Amino acid sequence: MSIEMRGKEFSSMVVTATTAVAAGELMKVEDTVGVAFSAISEGASGVMVYECDAIEVAKAAVAMAVGEKIYLDETNKVVTTVSTDNTLCGRVKEAAADTASVVIIDLKGYLA
C-alpha cells in the first residue's frame, strides 16, 4: 500500500522501526501512531506521518461512520472502532462500509 495523504498539512518525525514496515502501513513508535512515508527496514530510520487531516489507511472489516473514534489495532496493522487493547489515533473523515479495505481518517497519532 502506498501512502495517500489528501490533506495539505501534516506532521512527521524520523523514527527507528522495530519491525519492517511498508510504505503507507500503520505503525506505532512508543506512544505515537503514524503511517510510514516510505518502506522502513527493521532497525532502520525512516519518516512516519503522525498527524494529517485526511489520510487513507487500512481498516478492519467493520463499518465506520463519519466522526467516529478510531483506534490502531497494532497486531493487524489496521484501524478499528474497538477501543479495548488498541490505541486511539483519530476520527473517521469519510464513512466506509465493512467490506472496504481502507478509510479516510483525520490522523492524530499523539492522542494516546
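Residues numbered from 1 in each chain as written. Predicted model: local features only at pLDDT ≥ 70, side-chain atom pairs only at ≥ 80, totals over all residues. Heavy atoms only, no water.

Right, let's talk about the nonpolar core for a bit. For soluble globular proteins, nonpolar side chains are generally found buried alongside one another. Core analysis: the biggest nonpolar cluster contains 18 residues, and Ile 55, Val 57, Val 79 and Val 103 have the highest contact counts within it. Considering each element in turn, this core owes the most residues, 4 residues, to strand 5 (residues 45–58). In this structure Ile 55 touches Ile 3, Glu 4, Met 5, Val 35, Val 49, Val 103, Ile 104, Ile 105 and Leu 107, once residues within four positions along its chain are discounted. (Core = buried A, V, L, I, M, F, W, Y, C linked by side-chain atoms within 4.5 Å. Buried < 20%, exposed > 50% of the residue type's maximum accessible area, 1.4 Å probe, protein only. Helix = DSSP H or I, 4+ residues; strand = E, 2+ residues; numbered from the N terminus. Contact = heavy atoms within 4.5 Å.)

To continue, consider the environment of Lys 8. Along the polypeptide, Lys 8 turns up in the loop between strand 1 (4–5) and strand 2 (10–16). Given the relative accessible area of 80%, Lys 8 is considered exposed. Along the backbone, Lys 8 and Asp 53 are 45 residues apart, and their C-alpha atoms lie at a distance of 7.9 Å.

In this structure, Thr 87 sits in strand 8 (residues 87–94). Here Thr 87 falls in the buried class, since its relative accessible area comes to 10%. Along the backbone, Thr 87 and Asp 31 are 56 residues apart, and their C-alpha atoms lie at a distance of 8.5 Å. Within the structure, Thr 87 has its side chain in polar contact with the side chain of Lys 28 (distance 2.9 Å). (Polar contact = N/O pair within 3.5 Å; in protein donor to acceptor, adjacent residues only side chain to side chain.)

A few words on the pattern of salt bridges. Applying the stated rule across the entire model yields 3 salt bridges. Put simply, Glu 51 and Lys 108 hold a salt bridge, and the shortest N to O gap is 3.8 Å. Placement of the pair is Glu 51 in strand 5 and Lys 108 in strand 9 (residues 102–108), with a sequence separation of 57 residues. A residue is classified by how much of its surface remains accessible, and Glu 51, at 22% relative accessible area, is partly exposed. The salt bridge partner of Lys 108 is Asp 106, with a shortest N-O separation of 2.9 Å. Several salt bridges converge on common partners, so that one network encompasses Glu 51, Asp 106 and Lys 108. (Salt bridge = Lys/Arg side-chain N within 4 Å of Asp/Glu carboxyl O.)

Below, the discussion takes up the pairing of strand 3 (residues 26–29). Pairing analysis gives 4 bridges linking strand 3 to strand 4 (residues 32–36), with the strands arranged antiparallel. Looking at strand 4, one finds that Leu 26 is bridged to Val 35. Between the end of strand 3 and the start of strand 4, which pair antiparallel, lie 2 residues, with Glu 30 showing a positive phi angle near 55°. (Pairing = 2+ DSSP bridges.)

Turning next to the confidence of the model for the chain. When pLDDT is low, close inspection of the predicted coordinates is not appropriate. Here the chain averages 94 in pLDDT, and 97% of its residues register 70 or above. Within the chain, the lowest mean pLDDT, 74, falls on strand 1, and the highest, 98, falls on strand 7 (residues 78–80). (pLDDT = per-residue confidence, 0-100.)

It is generally the case that most residues other than glycine have a negative phi and that most peptide bonds are trans. Phi is positive for Glu 30, close to 55°, though the residue is something other than glycine. Tracing the backbone shows Glu 30 in the loop between strand 3 and strand 4. According to the relative accessible area criterion, Glu 30 is exposed, its value standing at 72%. The phi angle at Lys 77 is positive, at roughly 55°, despite the residue not being glycine. In this fold, Lys 77 is placed in the loop between strand 6 (69–73) and strand 7. For Lys 77, a relative accessible area of 30% puts it in the partly exposed group.

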